[in-house]
Amino acid sequence: KAGVTQTPRYLIKTRGQQVTLSCSPISGHRSVSWYQQTPGQGLQFLFEYFSETQRNKGNFPGRFSGRQFSNSRSEMNVSTLELGDSALYLCASSLDLGTANTEAFFGQGTRLTVV
Amino acid sequence: AQSVAQPEDQVNVAEGNPLTVKCTYSVSGNPYLFWYVQYPNRGLQFLLKYITGDNLVKGSYGFEAEFNKSQTSFHLKKPSALVSDSALYFCAVRSHQAGTALIFGKGTTLSVSS
C-alpha cells in the first residue's frame, strides 16, 4: 500500500511569488491535513480537508490556502511568499480524523526555501 | 488551550540501556495521545497511540508508552535502545473538544551511542 506522496520534495522560490504544493493521500483515506515545520515554531497545524471541505483551520494568514479534490488529493497554496515561509510542509492523511482518535500518516514533506 | 510539553530537548542513552522520552499534556476533555518519530529529511512516522483502556500501550519497533491521567503524562519507553533509534521524537495530543488538529510538542532528540 503506497504511503502519502508529496510533490515536489524541494522547492526554491523568490519573495513575492506564489507556490502550490501537492499531496496524494493513502488510498481510501478521505481526510488530509497540512502542517508547517520550522526550527523555531515546531510543527504547526495549517488546515484539514475532508470530502473536499475545509473542516478545520489553524492560525495562519489568508495567504495560506488549500483545497481537496474528489479523489481526496489535496493542494496547498501560499501566495506572496515571505522569507519566514521557508519550512518543511507536511501532509498527513487519515481514514477520518473526525473521530479524533485516528492516527494520521505523514508524507515525507516538501522543503520550501524562500530567497 | 491545548498544549504538549516535552521537557527535554535531548536525551542521550547508551545502546542496550532503557530509554524514556517524556511528554506531558494539557487538553480539555478526554485526550487522545500519539507518538511520532522523524528521521533526518523525512516525514513523521507513527509509533503508537493511546485512546482508552490499558494505560500501557505497545507500538512499533519495540516502543511502548505509559499513560498517566493524574500526572497528565504520556512517556515513551523502550527496554533496550538501539543506535538506529536515534531520531527526533514528537508527542502529540488531540481531543474531541479541541477538534481534529494534532497539537505537537517541540520534539526531543534521542541520541543512542554504541
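Residues numbered from 1 in each chain as written. Chains lettered and ligands numbered in written order. Predicted model: local features only at pLDDT ≥ 70, side-chain atom pairs only at ≥ 80, totals over all residues. Heavy atoms only, no water.

Asker: Quick rundown of the overall build of chain B? Include the residues and the values.
Answerer: Of regular secondary structure, chain B possesses zero helices and twelve strands. Counting from the amino terminus, chain B carries its helices and strands in the arrangement β-β-β-β-β-β-β-β-β-β-β-β. On C-alpha atoms alone, chain B measures out to a radius of gyration of 13 Å, which is about the 13 Å that the 2.2 N^0.38 rule sets for 114 residues. When burial is assessed residue by residue, chain B has 46% of its 114 residues classed as buried. (Helix = DSSP H or I, 4+ residues; strand = E, 2+ residues; numbered from the N terminus. Rg over C-alpha atoms; globule rule 2.2 N^0.38 Å. Buried < 20%, exposed > 50% of the residue type's maximum accessible area, 1.4 Å probe, protein only.)

Asker: Describe the interface of chain A and chain B, and please don't skip the residues or the numbers.
Answerer: Frequently, the measure chosen for interface size is the accessible area that the parts lose on association. Contacts between the two partners involve 26 residues from chain A, matched on the other side by 22 residues from chain B. Roughly 1900 Å² of surface becomes buried between chain A and chain B when both sides are summed, with 53% attributable to carbon and sulfur atoms. For the pair chain A and chain B, the number of links is one salt bridge. For lysine 49 of chain B, the salt bridge goes to glutamate 103 of chain A, with nearest N and O atoms at 2.5 Å. (Contact = heavy atoms within 4.5 Å. Buried area = accessible area lost by both parts, 1.4 Å probe. Salt bridge = Lys/Arg side-chain N within 4 Å of Asp/Glu carboxyl O.)

Asker: Give a detailed account of the nonpolar core, specifying residues and quantitative values.
Answerer: If you look at the biggest cluster of nonpolar residues, it comprises 27 residues, and the most contacted ones within it are Trp35, Leu47, Leu48, Phe74, Leu76 and Tyr89 of chain B. Counting only elements with at least two residues in this core, the list comes to strand S2 (10-14), strand S3 (19-21), strand S5 (32-38), strand S6 (44-50), strand S8 (64-68), strand S9 (73-78), strand S10 (87-95) and strand S12 (108-113) of chain B. Ranked by size, the runner-up nonpolar core spans 21 residues in total, among them Leu21, Phe64, Met76 and Leu112 of chain A. (Core = buried A, V, L, I, M, F, W, Y, C linked by side-chain atoms within 4.5 Å.)

Asker: Which residues make up the sheet that holds strand S8 (residues 74-78) of chain A, and what values go with them?
Answerer: Strand pairing in a sheet is mediated by backbone hydrogen bonds. Such pairs are either parallel or antiparallel. Residue and element names in this part refer to chain A. An order of S1-S3-S8-S7 is seen for the four strands of this open sheet, with the pairing classed as antiparallel. Bordering the open sheet on either side are strand S1 (5-7) and strand S7 (64-68), each of which pairs with just one other strand. Direction aside, neighbouring strands of the sheet carry axes that sit 20° apart on average. As judged from the five bridges shared by S7 and S8, these two strands associate in the antiparallel manner. Paired with arginine 67 across the bridge in S8 is glutamate 75. (Pairing = 2+ DSSP bridges. Axes fitted to C-alpha atoms, helices over the stretch in contact; angles between N-to-C directions.)

Asker: If you had to explain the packing of aromatic side chains to someone new, which residues and values would you point to?
Answerer: Describing an aromatic ring pair means giving the distance of the ring centres and the angle of the ring planes. Residues and elements named next belong to chain B. Tallying each qualifying case throughout the model produces 15 aromatic pairs over all chains. Between tyrosine 25 and phenylalanine 67, the ring centres sit 6.2 Å apart and the planes meet at 20°, which makes this aromatic pair stacked. Here the residue tyrosine 25 occupies a position in strand S4 (residues 24-26), and phenylalanine 67 occupies one in strand S8, the gap between them amounting to 42 residues. Taken as a pair, tyrosine 25 and phenylalanine 67 share a single burial class, namely buried. Note on tyrosine 50 and phenylalanine 67: the rings are 4.1 Å apart at their centroids and 20° apart in plane angle, and the pair reads as stacked. (Phe/Tyr/Trp six-rings, centres within 6.5 Å; stacked < 30°, edge-to-face > 60°.)

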